[in-house]
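# Fold and geometry: a report
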Amino acid sequence: MVDAAHHTCIGIDKIMKIKKWLVASGILIFGLIGVTQVMESAQDIPFPVRYTTRISTDTSLNSSAVYKVLKDGSDKFDVTLYRTFIDENGEERKFSFGTDADHVAEFHELTALKDTSYKGMYYSASKLPGELIDKLQQIGVQVTSTELPWYIIGSQMWANGILAVVTWSLVLTFLVSYFASLNLYRKHWLVGRMLGGVKKTLAKSVASDLFIMAVVSIVLWGVYVLFNQVALSSLSSYALLATLGLNLVILMSFVVLINVVFFIIIQHDNLAKALKKTDSNMKQNLVWMAGILASLAALTLLMNQTVLNQKNLQQQLDSLKPWQKLSAYKAVNVTLPSIEDSNNGEIDAGADTKVARRFMDHFKDDEYIFSLDSTAKVPNMVSQEQAQFMTSQLKREGIDSDVSKRIRYMNLNALKLSGHQNLAGEVANKKPATVFLPEKFKDHKKSVLNAIYLEYYQNSGVKKSDFEIHIVKNNEKTFLFDYRGAELYVYDHARLQTDTNRILVVINMAYAFNSLGKDATYSNVLNGLFKQPGLKKVAVDSSINGQVEDITSPYLSIQMQANRLQKRIVAAYVSMATLVIMQLFAIFQFLMNIARKKAYTMGVKRLLGYNIDYVILQEFGGYILTIFVGLVVAWFMTSSMVLKNVVLGLNVMAIIIIIGYVRFYVKKASVNVLKGDFEL
């Protein structure tokens, strides 16, 4: 008896170790997903910081005086301030005030900023000291600090795109595995119930899992901080801590739920039959079946989402090919006076135009790209009442919103680079605008002309009859240069880089910049893309370079997003394979659990002359039929023929193998019955 009890305790310890390893592995996997999310977010921020500080002023100040205050303050309060600036070659460079312990800045001496305005965005790991802010304000500088939202980074893995699908699929895999691990030491729970301590068993199970998850999370955070040598107060450190905390809360919520469900099952079990392994345990079987069907539904969703995302990713990557010849073009963030004055409630459009004109004076026609959709349309995200009102207003101007939303305004350089080099020769240099109208829209010519006039030449002396019009064939592709809409975290067909049947309107910029609508035109053009020669001139123009906050390469940014998404799709396939394996494991455990409970009964029936296949069908037929129906439904709902056949084939093959193993098990049970061994 003592030896038997000893072996039972050893068996339970081994089983509980399986559960502990499962919990530790689960929280570690989700933690590593969080690490990748944090590292991706860190790549989007040029410095190891948590705060951004905007410095501006309404008055004219000497930049060197402001820089001296920043330099002295950084040294005095041991604060490192970072900023970017544009050098004489038009390249964006990194500068630091104070000790640059992370060695991320290229320049540290104030002489590097001699031709750069102090206005712009500054970055720091901690909030600027109040005394330093006071000194800046005393000389007339406006200071606005904001903490970067590190606390929302971790939520991306649970809420956005294919990564969220992967994460929740892994959650389901974890839950099915966790329930299986609880079932392995069901007898331990039953003994606890018999001794009146099942609630203590529940509490101990939950507390043990919470302790393991917390320890693994803390260790992972510590390893990340030490390995990457980041400060404890850095953005990535805080972000990872918040992410691991969120993971812990979500997974522990499910762990508690599964433990409570298992507790309820144990409480309602027939204790005598359960300990003798002769109970039907229908409640537990229903939970098993629900888990198997849920895993099938999750697998179907994951397969469809992965296939769709893979297809859309390929479309995105194909549409990015024109960017390869546009690597020299940069996006520039120009701060206009109206933005700086917005805190005072003052909007000076004339001042904006003066800055924009000065900026554009440095660029030749072939050194920038202007490409923009028409705004004379009803936006998608408006209420029905607003849509009706805007539609009536446009109709009053003779504009059909459904037609004008197909209009794409461009300068001549953008037309050449958008895949329409053949049309460039037809652009009328002495006309205010040249329209290339697909045949399908030729009956809407008047609406198009009204839109152009309203947006660029209203009250300017230009007549609608001055516009040049060419009818072109349908289904021509146009590259849109839509770098702001090229975020690859989501899949929005409306934001693909290429589109067909666009109404192309080439604006003669010389006319547009001198019309009464020039304020809006200049503002729109600043959202374009610019080449290096003009940027070099901007860099050395002290009257404008202070308005340039940063310069980015859309092509490199888009490529980085694409590379991230490719990795996520690989992760989705890995998750899919894991879910399939876990599903097959769940089916095996489910059927074998029934076989163990029914082994004695089936063995006796076989000895009484019943056909073994009939006996198995009688006990397992309903469950297998339910699983098969779920497989058939999943087969019809899965979009990929290859994936649906692979999953169906694997499941059918697994069920056949499992049933074969059950037949062997029943035969063994029959022999044990003959031996008088009834404890199966």
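A quick note: this is a predicted structure, and the numbers were derived from the prediction, not measured. (Residues numbered from 1 in each chain as written. Predicted model: local features only at pLDDT ≥ 70, side-chain atom pairs only at ≥ 80, totals over all residues. Heavy atoms only, no water.)

Another point: the confidence of the model for the protein chain. Regions with low pLDDT should not have their predicted coordinates read in detail. Averaged over all residues, the pLDDT of the protein chain is 79; the fraction at 70 or higher stands at 86%. Contacts for the low-pLDDT stretch residues 1–12, under 50 throughout, to residues beyond four places or in other chains number one contact. Here residues 486–495 is a poorly scored stretch, pLDDT under 50, and it has 25 contacts once near neighbours within four places are set aside; other chains count. (pLDDT = per-residue confidence, 0-100. Contact = heavy atoms within 4.5 Å.)

A word on the sheet that holds strand β1 (residues 51–56). Two strands in a sheet stick together by hydrogen bonds in their backbones, pointing the same way (parallel) or opposite ways (antiparallel). If you trace the five strands from one edge of the open sheet to the other, you get β3-β2-β4-β1-β5, paired in antiparallel fashion. Two strands bound the open sheet, and with one partner strand each, they are β3 (92–97) and β5 (142–147). Taking the axes of each pair of neighbouring strands and ignoring which way they run, one obtains an average angle of 30° across the sheet. (Pairing = 2+ DSSP bridges. Helix = DSSP H or I, 4+ residues; strand = E, 2+ residues; numbered from the N terminus. Axes fitted to C-alpha atoms, helices over the stretch in contact; angles between N-to-C directions.)

Our next topic: empty space enclosed by the protein. Under the definition given, this model contains seven cavities of 30 Å³ or more. Considering only enclosed or pocket space, the largest cavity measures out at about 70 Å³ in volume. Considering the residues around the largest cavity, the lining is formed by Leu296, Leu299, Thr300, Met303, Leu631, Ala634, Trp635, Thr638, Lys644, Val647 and Leu648. Taken together, the elements giving at least two residues each to the lining of the largest cavity come down to α10 (282–319), α22 (612–637) and α23 (641–675). Looking at which element gives the most residues to the lining of the largest cavity, the answer is α10, with four residues. In terms of residue class, the lining of the largest cavity is built from eight nonpolar, two polar and one charged. Each pocket or cavity is described by its volume, and for the second largest cavity that value is around 60 Å³. (1 Å grid on protein atoms, 1.4 Å probe; cavity = no way out; pocket = protein on both sides within 12 Å on 5 of 7 lines; lining within 4 Å. Points joined across faces, edges and corners; volume = space filled by probe spheres on them. Nonpolar A, V, L, I, M, F, W, Y, C, P; charged D, E, K, R; others polar.)

This brings us to the packing of helix α6 (residues 186–194) against helix α7 (residues 198–228). The contact between α6 and α7 brings their axes to 7 Å, and the two run at 135°. Here α6 lies oblique to α7, going by the angle between them. Between α6, through His188, Trp189, Gly192 and Arg193, and α7, the contact on the second element is made entirely by Val198, Thr201, Leu202 and Ser205. Residues that form the contact of α6 with α7 fall into these classes: three nonpolar, four polar and one charged. (Parallel < 35°, antiparallel > 145°, perpendicular 65-115°, else oblique.)

Reading across from one edge, β7-β15-β6-β16 is the order of the four strands in this open sheet, with antiparallel pairing throughout. Each end of this open sheet is capped by a strand with a single partner; those strands are β7 (368–369) and β16 (548–552). As defined by bridge partners, β7 adjoins strand β15 (residues 529–530) across two bridges and the pair is classed as antiparallel. Bridging across to β15, Tyr368 finds its partner in Phe530.

Tracing the chain through its elements places Gly98 in the loop between β3 and β4 (120–124). When its relative accessible area of 16% is taken as the criterion, Gly98 is described as buried. In this structure the C-alpha to C-alpha distance between Gly98 and Asp75, which are 23 residues apart in sequence, comes to 5.4 Å. Sequence-distant contacts of Gly98, defined by excluding residues within four places in its chain, comprise Ser74, Asp75, Val79 and Thr80. (Buried < 20%, exposed > 50% of the residue type's maximum accessible area, 1.4 Å probe, protein only.)

With that out of the way, let us pick up the pattern of salt bridges. This model, assessed by the stated rule, comprises twelve salt bridges. Residue Asp72 is joined to Lys68 by a salt bridge in which the shortest nitrogen-to-oxygen separation is 2.9 Å. Here Asp72 pairs with Lys68, and both are found in helix α2 (residues 63–77), just four residues apart, close to one helical turn. Judged by relative accessible area, Asp72 falls into the partly exposed class, the value being 39%. With a shortest N-O distance of 2.9 Å, Glu131 and Lys76 are connected by a salt bridge. Of this pair, Glu131 sits in helix α3 (residues 130–138) while Lys76 sits in helix α2, and the two are 55 residues apart along the sequence. The class of Glu131 is partly exposed, set by a relative accessible area of 38%. Residue Lys76 is classed as exposed on the basis of its relative accessible area, which comes to 52%. Three or more residues joined by partner-sharing salt bridges are found here, namely Asp373, Arg406, Arg408, Asp499 and Arg502. (Salt bridge = Lys/Arg side-chain N within 4 Å of Asp/Glu carboxyl O.)

Bringing the packing of aromatic side chains into the picture now. Counted according to the given criterion, the structure contains 19 aromatic pairs. Relative to Phe254, the ring of Trp168 has its centre 6.2 Å away and its plane inclined at 85°; by these criteria the two rings are edge-to-face. Of this pair, Trp168 sits in helix α5 (residues 161–184) while Phe254 is found in helix α8 (residues 235–268), placing the two residues 86 residues apart along the sequence. Overall, the relative accessible area of 38% leaves Trp168 in the partly exposed class. (Phe/Tyr/Trp six-rings, centres within 6.5 Å; stacked < 30°, edge-to-face > 60°.)

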